[in-house]
Every structure is written in structure tokens, then in C-alpha cells.
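Structural characterization, general
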Amino acid sequence: MDKVMQAGRLDLMTLKSYVKPHMLVLFAGIAIFMGFSVEKSMSIAFGSMIGFLFVSYPFALAERDNLNTLYASLPVSRVKMIIGRYLFAATIIIIGAVSGSVLSALAMVVDKKSVDLKIIAITAAAFFVSFVLLLSIQFPLYYKLGYAKGRLVVFIPLMLVSAVGLFVGNNIKDTAVWTKVMAMAQWIETHPDLSVALVILAAVLSVVASIFASVKLSAKNEY
Amino acid sequence: MKQILEIHKLTKRYDTYTLDELSFSVPQGYIMGFIGPNGAGKTTTIKSIMKMVHPDSGEIKVFGESLSDSNEYNDRIGYVMDNPFYCESWTVQGVEKAVRGFYKHWDSKVYADCIKRFQLEPTKTVKALSRGMKVKLMLAVALSHGAELLILDEPTSGLDPVAREEVCDILREFITDEKKGVIFSTHITSDLEKVADYITFILNGRLIYTGPRDELIESYVRVAGGKESLNEALREKIIGLRDHGMGFEGLMRREDIAMLSSDVGAESTTLEEIIVFMNKGEKNNG
């Protein structure tokens, strides 16, 4: 476990050297602006998204600065390095979501609106889970193709999912599938705790599956 | 003699060339020079040891154990190459922070001593270091985690003579501990003539020689003579024959010099000449 933590910390150090304080101030400013002008929860969305954008940095810098050689020279297994990267990614997205939540709450206070912590927590958790699901798709592709090739390919599954979602959304109304979807939505509404637990379970399972895929897909990589 | 690194029938096939059943070992307490022209397979061999490429067959043992998935043995290996593999924006201090947690025997005092001795500024970024300083930084990391085996891949290429001499000094000092060993890949053979005890010479992915350095150098002589002295029998014995208007030159096994006529000169050769003539010999033979 210690080596996994070290691997995550190494990624954090890699990122830290490129993220300057003025960037964070800028991001915070944008998040606050969005919180005021658009919708309070947009601060959370923006915070989580910035976190999500940063998680692919170690892949980019590994290619640019020859860090795959560093990883190969360290007394740590490839599997632990990979798990460490997922740990790093989860940490960064959590930091983004929490920062966004704090800014969102701040916007509510300044706007003299009551701070609904439950809504903030649910929104932050929803964005966290969404971005974790996204990285579960992206990371194995980065491990297989590298950052330069992977950054184009990683958006293909996302675009496909969106396109299918859009198509289905527009075409299933008044069908049996639509009735089932609505029933499911109703079930979620009546069982919020269980629904959250199931979503978290799905996120955990997707991360585990993603780690296995990353390990397998990177096994033949040569540097 | 205990071997710190053993390579047995290492094979790696590429479209353009094959590293072909390479076998050699590095004894404890010695520096093994690993030589060959560009593209001979030196880096492929070293990357195979570091598990950065996957051999098609063969076995590699470090410290008497086969390579495993845990990579734990890297705790005892220091890897230095011509280009650094740290984040360019890390400072010299930052490099320590990034890697020390991975090593069981990391000694911050040794690191501090090394950066002082190598005149590395702690707050300077990797990007801002000169080529020689980057090599010294990698050596500082290797020395600070108590590496017993140093694997050096062209660390002195592009360095000025003073910096190269400094690297050689560090290696001499390192090897005073008889439990340690070094494999030093380079095509700057003058460095090896100063520090290497053994030489492994590969050409086009094949092992040409592995053994004591002096034995290799003494096995060959450089021959040169006028055109009229070059007969068919001699032509067959000369490796990397270079024919020119005035005469010829090439490399020859010392055991064959009895066949030379008095007007053909034979003199001691160097590692560099051995590589050059052997490489030419390979090309001549197609």
C-alpha cells in the first residue's frame, strides 16, 4: 500500500510542478463567476471538471519528460504504479469537487440564499461519480496508446455514448422501454439512499475493471 | 567469482535487426564496458534488464535472481542514461522528494553530500542543468539509495573531457566496494580504457567478445603495409581491410602475425580501432 501511495504522490508532484498559484486563482474566479451568473451548482461542475482535466497530465508529462523510464527504474511493480495513478486521479477529482462545493456554498451565502448542504453533497457526488466513470474509460486507452495518440481516441467512446443517449432519448418516448425508464426513475426517487449506494458501487466496479484493463493493455508497452 | 548480472541467450527480434542469443555476465567488484557501434543492440540489452523492452526469449538474472514483476531488485540498481528521466520542472531538491519514498535505504545525507560534491544547485530545475550535471544528478540518486549495480547507458556521450573524467572518478570510487558492479555502455572507448576491467563487445546483435579488457586488446594488432604486400592469404586474415592508394590497413588476430612479411607493420591496437575494424569487417562480408 505504501508503494501505491508513493506512486500517487509521485503523480501529484508531477502535476504540482506545472500548476501555478495564479492558475488556481483564475479557476476559482471562474467557478465563483459561474456560481453567481449561471447556477450555484455550476461551481461544483466546474471544479470537478478542472480536476478531471488535470488527471491526464501525468500521461502527457510521462511522454514529454521520459518519466516512463523513471517508473521502470523504481522498485515498484507496474500494477502498483497504475493503481497509484487511479488514486491520484480520484484525489484530484475529489479536490476539484470539494473546492467547487465550497465556492458554491460561498456563492449561496453571498447571494443571501440558504445553503443546502445535502444538495451540494449530492451534486458533488454525482459529478465525482461521472468523472470517475469517464476516467475509467480514458485511462486504459492512455495506457495502451500513450497520451499523444490516446487524447484523440479517448473522446470516441464518450461521443458514442452521448450520440446513443441522444438517439435513444429522442426515439423511445411512448415505447415500452420508455415506460421502464420512467419506472426506474420513479424507483430512484423513492429509494434515494439505495440508488446512491448502487451508483457508488457501479463507480467502484468500473474503476476496478478499468485498473485490470490498464494493467493488461500496458503489459506489452515498451519504452 | 560471484556474478552480479547474468544474461543468458537474450533474444529480441525487430523488423530491422535481431539481438541474437546474447550471453554475458558482470562479476561483482568490477566494471564491465559494454561496447559496439550504434544500433548494435546495447540499449536494447540494457532496456531488457530494466524491463523497458520485452525479450522474445532468454533469461536475465540480477543478484542471482531472475527478473520478477515486483521490481523490488531496483532498490539495489542505479540506472543512469544520457538523458534524465525526471520532470523538467523539478528542482534538484524536488527530485529527491519525488523518488526517496520508493527506496528502502534512501540516505538524504548521501544525497546532500553528492549534490554538494557534484556542485549541483539544490534549487535549480532539471531543465536548467547542463548535460554533465544531469548525468551527475542521476548518479546522485543512484548513490543515495545504496545501489549495488550501476547500469549506465551512454552517460558520457556529449560530455566534455573534464565531465567525463569526473564520471569515471565516481565509478572508480563506487567500485572500491567489492560487492558492487557496473555495466557501462558507451562508444567512447577511451573512458573504458581508463576504468573497465571487462569488456563485452557486440556487433549487429551478436556477441563478439566478452572477457577481460586487456585480453581483448592484446588479442588483436593493427596491421598496415604497402599494396605489394597484400596477398590473398593476408586479405583473408585481415579484419576490416581498408584498401587505399598507397597500401592497406586493418585488424588482425595476434596469433596470425607470424604470417606477416617484414614489410608489413603490426602494432598494438585500441578498443576504438577494434570496434571500427570489426564493424567494417562485418560490412565487407555483407
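Okay, so let's go over this structure. (Residues numbered from 1 in each chain as written. Chains lettered and ligands numbered in written order. Predicted model: local features only at pLDDT ≥ 70, side-chain atom pairs only at ≥ 80, totals over all residues. Heavy atoms only, no water.)

**Quick notes on the sheet that holds strand 8 (residues 181-185) of chain B**
Residue and element names in this part refer to chain B. Stated precisely, the cut-off is as follows: Pairing between two strands requires that DSSP report at least two bridges joining them. Segments assigned H or I by DSSP are reported as helices when at least four residues long, segments assigned E as strands when at least two residues long, and all are numbered from the N terminus. A fitted line through C-alpha atoms represents every axis, and for helices the fit uses only the stretch in contact; the resulting angles, taken between N-to-C directions, go from 0 to 180 degrees.
Across the sheet, which stays open at both edges, the six strands sit in the order 6-7-8-3-9-10 with mixed pairing between neighbours. The outermost strands of the open sheet, each flanked by one partner alone, are strand 6 (77-81) and strand 10 (206-212). Ignoring which end each strand starts from, the neighbouring axes of this sheet average 15 degrees apart. Note that strand 7 (residues 149-153) and strand 8 share five bridges and pair parallel.

**A closer look at the nonpolar core**
Residues and elements named next belong to chain B. Note the threshold: We call a set of buried residues a nonpolar core when its members are Ala, Val, Leu, Ile, Met, Phe, Trp, Tyr or Cys and they connect through side-chain atoms within 4.5 Å of each other. When accessible area is computed with a 1.4 Å probe and restricted to protein chains, residues below 20% of their type maximum are described as buried, those above 50% as exposed, and intermediate ones as partly exposed. Should any heavy atoms of two residues lie within 4.5 Å, those residues are considered in contact.
Counting residues in each nonpolar core, the largest one holds 98 residues, and the members touching the most others are Leu5, Tyr86 and Trp90. Broken down by element, this core gets its largest block of residues, eight residues, from helix 4 (residues 131-144). Those residues within four positions of Leu5 in sequence are excluded, and the remaining contacts are Phe24, Ser25, Val26, Ile49, Ile60, Lys61, Val62, Leu149 and Ile183.

**Concerning the packing of aromatic side chains**
Definition in use: Two rings belonging to Phe, Tyr or Trp (six-membered ring only in the last case) form a pair when the distance between their centres is within 6.5 Å. Interplanar angles under 30 degrees mark stacking, angles over 60 mark edge-to-face geometry, and anything in between is tilted.
The tally for this structure, following the rule as stated, stands at 14 aromatic pairs over all chains. Between the aromatic rings of Phe59(A) and Tyr143(A), the centroid separation amounts to 5.0 Å while the plane-to-plane angle is 80 degrees, which identifies the pairing as edge-to-face. You can see Phe59(A) sitting in helix 4 (residues 57-64) and its partner Tyr143(A) sitting in helix 7 (residues 117-153), a full 84 residues away along the chain. Taking relative accessible area as the criterion, Tyr143(A) reaches 13% and is therefore assigned buried. Between the aromatic rings of Tyr79(B) and Phe85(B), the centroid separation amounts to 5.7 Å while the plane-to-plane angle is 10 degrees, which identifies the pairing as stacked. Per residue, the accessibility class of Tyr79(B) equals that of Phe85(B), and both read buried.

**A look at the layout of surface pockets**
Let me state the cut-off plainly: Buriedness for pockets is judged along seven lines, at least five of which must meet protein on both sides within 12 Å for an open set on the 1 Å grid over protein atoms alone, while cavities are sets there where a 1.4 Å probe fits but cannot get out, and lining residues have an atom within 4 Å of a point. Grid points are joined across faces, edges and corners, and a volume is the space filled by probe spheres set on the points.
Reported here for the largest pocket is a volume of approximately 740 Å³. Listing elements by their share of the lining of the largest pocket, those giving two or more residues are helix 4, helix 5 (67-73), helix 6 (78-110) and helix 7 of chain A.

**Examining the interface of chain B and chain A**
What counts is decided by this rule: Here the quantity called buried area is the total loss of accessible area, with a 1.4 Å probe, experienced by two parts when brought into contact, counted for both. Each salt bridge in this description consists of a side-chain nitrogen of Lys or Arg and a carboxyl oxygen of Asp or Glu lying within 4 Å of one another.
Contacts between the two partners involve 30 residues from chain B and, on the opposite side, 28 residues from chain A. Summing both partners gives a buried area of about 2500 Å² for chain B against chain A, and 57% of it is carried by carbon and sulfur. Among the residues of chain B in contact with chain A, Met52(B), Phe85(B) and Phe102(B) are the three that bury the most area, contributing 29% of the side total. At the junction of chain B and chain A, the tally comes to three salt bridges. Its salt-bridge partner being Glu72(B), residue Lys3(A) comes within 3.7 Å of it at the nearest N-O pair.

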